[in-house]
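Each chain, letter by letter, is given below.
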Amino acid sequence: MERGRVILSTTRAGRWSRGAPRATRPRDGSRSSRSRRPAASLSNDADAHAPTPTRTPTESSDESLDESRFRPVASSDLIDRFVEDAVDEDAVARSFCEAKTEKCARRKTGYSNVVLLQAFDWQSWMRGGREETSFYARTEARVGMIEDLGFTHVWLPPPGASVDRHGFLPKKWYDLTSHYGDERELVTLIEALKHRGVDAICDVVVNHKCAEYSADGRFVSFADETSRSGRRLDWGEFAIVGDHPVFPGKGGDDSGDTIDIAPDLDHSNEEIREAIVEWLNWLKEDIGFSGYRFDYVRGYASEYAREYVLRTVGLEAFCVAENWVGMCWSDDYLLYNQDKPRRALVDWLQGSGDCAALFDFPTKGILQEAVKRGEFWRLADSRRGQPGLSGWAPQSSAVFIENHDTARQWAFPRDRLGLGYAYALTHPGIPVVFAPHLWSDGGDAVENRRVERLREEIRALLDIRKRACVCCESVLDIKIAEWDLYVAFTDDAVAVKLGPRYEVPPFVLDALEDFELAAHGDDYAVWLRKDLL
C-alpha cells in the first residue's frame, strides 16, 4: 500500500467509504434499529440470548468481581501498574510507545512482546514435495519468512517416538525419531531459528505415556529406555494412577482429569517427577528448546506444572499450557456470559503460580460465534472489557484463532480468518498465528493463492502491532459493540473496526482524525496513528 493513499476511509456523512462491505440485516429479518444497541445493554445473566434494556457498563449480578480489574487505566498509569521498580524520569519523558516498550521488556514473565507461531497442524507429519522432505526440513526452509514476519517464538510438535503419527501418544521420550523427522533435523531447525533470534517451544506430553508391553492382558509396562544420567524408565504399574478406568495402575489417585486413551502418569510419585524434570532439562540443554507448551494440563494438578517450569527453564522463559475448558451453551447457542470458563482458567493460573500462559479458548469461542452469527455485541463483556481470558489476565492469555485440534472439529469461519486476526493482533494478549494460514503444503493452485492473500493480511497486521508497540498490557477502549459493528482503540495508537455495517456515529469519525488506514479485508479495517507510519 502506498503511504498516504487511503483505500478505505471515513466521511463526515457517517459512512465507511469505498472498500467496506455493506451492512446486512440481522438473521431474524429485523431492521437496523435493533442492531444499534450497545453491548452495555446486554444482560449479564447466563441465559441471556439478546440485548435487554440499557444498563451501565459496570452493572453486574456478580458482586464478587473486582471491577477495577476491568476499567481501562490512563496511559500514564501503566508504568506504575505493571513495573515493580520505579521508572526514571527520562523514561517517563520519552514517548508513550518507548516507555511502554521498556516496561514490557522488564516484566518478570517476559511474555509482553511474544508473538507465537504454531508451526504445525494435524497433517504436518506427512512428508511433502518432490524430495519427500520432513516437517523439520520444510520448516527450516521457512525460517527466513518466520523472522521476516516478526515471530518471536515457534511452537513445534511433540518430538518423541509415539504410538500415533502426531506425537500426542508418546511411548519413548528420548527417541526423537518421529514422523516429523529425526533428532539431527530437529537440532538443525532449532539452531536455524536461534540464529534468527527466534525461540523454539517444545510441545511436551507428560500427562500420559503409552505402555508397550502387556501384563495379564493389560498395557501397564513401559518400554525400557535410559535417561542422560542413566536413569532407567522401565516403569510398571506403580507409575500409573490407581483410579484409571481403562489402564488402572498401582499409583495414587489421579490429581486431574483422566484421559482414557493411554495410561495416566502418577505425578504424585517423586520418581516420575524427577524423570520428567530430567527429560525437560535434556530438551533444553541438549536439543535447544527455550520453553514448553504443556499438553492437557487438566490431567494433573497445576502445582506440578509449576515445579516442571521452575526446575527447568524458569519463570523468565515463555511457556504456555493447554487447558481446553468447556463453554456455556444452551443447546447450540453460546451464552453471552462466559465467566465460568474464564474463571476456570484463572483458577489454574493461580494454582500454578502463573508459571505459564494459557490458550484463550473462551475468546476463540466468543469471537467465532460473533462472526458466524453476526453478533458483534459478544465482543464486550458487561463491564465493557474483553469477554475472554484476555479481559481478566491479558498477560497470561494466548489469543488464537485456530490450532491443530480446533481446525478439525471447531473451526473458525474460513472466509473471515482475516477478521479474526484483525482482532487477535490488535488487542491485548499474546497473539498466536496458525501456520496453515501462512503457507500451504501440497495445496492446489486455488488454495495456495488463498493462503498467500491471507498471509499478506496477517503480515500487515503484524506490522501494525509492532509499529504501535501493542503488547499484552496494552489498554483497550471499546467504543462500540453491537450486532453488526465493533469498534475499539488500543493504546490510542490503533483503531479496529469489525463487522459489515457502513454507518457509524460521528464521534468515531472524530476519533480517527489523526489516524490513517493501514490494513483492511472482508468486514474489517485497521487504522494506525499517523505519527507511527
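Residues numbered from 1 in each chain as written. Predicted model: local features only at pLDDT ≥ 70, side-chain atom pairs only at ≥ 80, totals over all residues. Heavy atoms only, no water.

**A closer look at the overall build of the protein chain**
No. 1: Summing up its helical and strand segments, the protein chain has 14 helices and 19 strands in all.
No. 2: For the protein chain, with 533 residues in total, the buried portion stands at 57%.
No. 3: For the protein chain, long-range pairs separated by at least 24 residues make up 68% of all intrachain contacts whose partners lie at least 6 apart in sequence.
No. 4: Of the roughly 22000 Å² of accessible surface on the protein chain, a fraction of 46% belongs to carbon and sulfur atoms. (Helix = DSSP H or I, 4+ residues; strand = E, 2+ residues; numbered from the N terminus. Buried < 20%, exposed > 50% of the residue type's maximum accessible area, 1.4 Å probe, protein only. Contact = heavy atoms within 4.5 Å. Areas by Shrake-Rupley, 256 points an atom, 1.4 Å probe, with all protein chains shown as cover.)

**A short note on helix α10 (residues 361–373)**
No. 1: For α10, spanning 13 residues, the distance from its first C-alpha to its last is 18 Å, which sits close to the expected 18 Å at 1.5 Å a residue.
No. 2: Counting buried residues in α10 gives eleven out of 13 residues, a clear majority hidden from the surface.
No. 3: Those residues of α10 that sit buried are Phe361, Pro362, Thr363, Lys364, Gly365, Ile366, Leu367, Gln368, Glu369, Ala370 and Val371.
No. 4: Positive phi appears at Gly374, one or two residues downstream of α10, with a value of about 65 degrees. (Expected span 1.5 Å × (residues − 1).)

**Some remarks on the environment of Trp173**
No. 1: Following the sequence through the fold, Trp173 ends up in the loop between β4 (170–172) and α6 (183–195).
No. 2: In this structure Trp173 comes out as buried when scored by relative accessible area, which is 1%.
No. 3: Separated by 107 residues in sequence, Trp173 and Leu280 place their C-alpha atoms 9.7 Å apart.
No. 4: Not counting chain neighbours up to four residues away, the residues in contact with Trp173 comprise Val205, Lys209, Glu225, Leu233, Trp235, Leu265, Ala275, Ile276, Trp279 and Trp282.

**Thoughts on the sheet that holds strand β8 (residues 291–294)**
No. 1: Read once around its circumference, the closed barrel built from eight strands follows the order β1-β2-β5-β8-β9-β12-β13-β14, with strand pairing classed as parallel.
No. 2: Here α6 sits on the sheet and contacts β2 (153–156) and β5 (199–204); the angle it forms with β2, its principal contact strand, is near 165 degrees. (Pairing = 2+ DSSP bridges. Axes fitted to C-alpha atoms, helices over the stretch in contact; angles between N-to-C directions.)

**Looking at the side chain of Arg501**
No. 1: Topologically, Arg501 is positioned in the loop between β17 (494–498) and α14 (506–511).
No. 2: Of the residues examined, Arg501 reaches a relative accessible area of 5% and is grouped as buried.
No. 3: A polar side-chain atom of Arg501 sits 3.5 Å from the main-chain carbonyl oxygen of Glu503. (Polar contact = N/O pair within 3.5 Å; in protein donor to acceptor, adjacent residues only side chain to side chain.)

**Notes on the confidence of the model for the protein chain**
Any residue range with low pLDDT should be treated as having predicted coordinates unsuitable for detailed reading.
No. 1: Counting all residues, the mean pLDDT for the protein chain is 83, and 79% of those residues have values of 70 or more.
No. 2: Low pLDDT (under 50) marks residues 1–97, which in the prediction has 183 contacts with non-local residues, meaning those over four places away or in another chain.
No. 3: Within the model, pLDDT remains below 50 along residues 103–108, and this stretch shows 23 contacts once partners closer than five positions in the same chain are excluded. (pLDDT = per-residue confidence, 0-100.)

**Concerning empty space enclosed by the protein**
No. 1: Across all of its chains, the model carries three cavities of 30 Å³ or more by this definition.
No. 2: Each residue belonging to the lining of the largest cavity can be placed in one class, and the counts come to three nonpolar, four polar and four charged.
No. 3: Taken as a whole, the second largest cavity encloses approximately 60 Å³ of empty space.
No. 4: In this structure, the second largest cavity is lined by Pro158, Pro159, Gly160, Gly167, Pro170, Lys172, Trp173, Asp203, Val204, Val205 and Trp279. (1 Å grid on protein atoms, 1.4 Å probe; cavity = no way out; pocket = protein on both sides within 12 Å on 5 of 7 lines; lining within 4 Å. Points joined across faces, edges and corners; volume = space filled by probe spheres on them. Nonpolar A, V, L, I, M, F, W, Y, C, P; charged D, E, K, R; others polar.)

**Thoughts on the packing of helix α12 (residues 417–424) against helix α13 (residues 445–467)**
No. 1: Between α12 and α13, whose axes approach to 10 Å, the crossing angle comes to 15 degrees. Taken together, the axis directions place α12 and α13 in an arrangement best described as roughly parallel. As α12 runs across α13, the sense of the crossing is right-handed. When α12 is examined against α13, the residues Leu417, Gly418, Tyr421, Ala422 and Ala424 are found in contact with a partner set consisting of Arg450, Leu454, Glu457, Ile458, Leu461 and Arg465.
No. 2: Grouping the constituent residues of the contact of α12 with α13 by class yields seven nonpolar, one polar and three charged. (Parallel < 35°, antiparallel > 145°, perpendicular 65-115°, else oblique. Left-handed = near helix turned anticlockwise from the far one by under 90°.)

**Considering the pattern of salt bridges**
No. 1: All chains considered together, the criterion is met by 39 salt bridges.
No. 2: Note that Arg293 and Asp203 form a salt bridge whose closest N and O atoms lie 3.1 Å from each other. Taken together, the residues span a long stretch of sequence, with Arg293 in strand β8 and Asp203 in strand β5 at a distance of 90 residues. Exposure class is identical for Arg293 and Asp203. Each is buried.
No. 3: Residues joined in a network through salt bridges with shared partners are Asp148, Arg455, Glu456 and Arg459. (Salt bridge = Lys/Arg side-chain N within 4 Å of Asp/Glu carboxyl O.)

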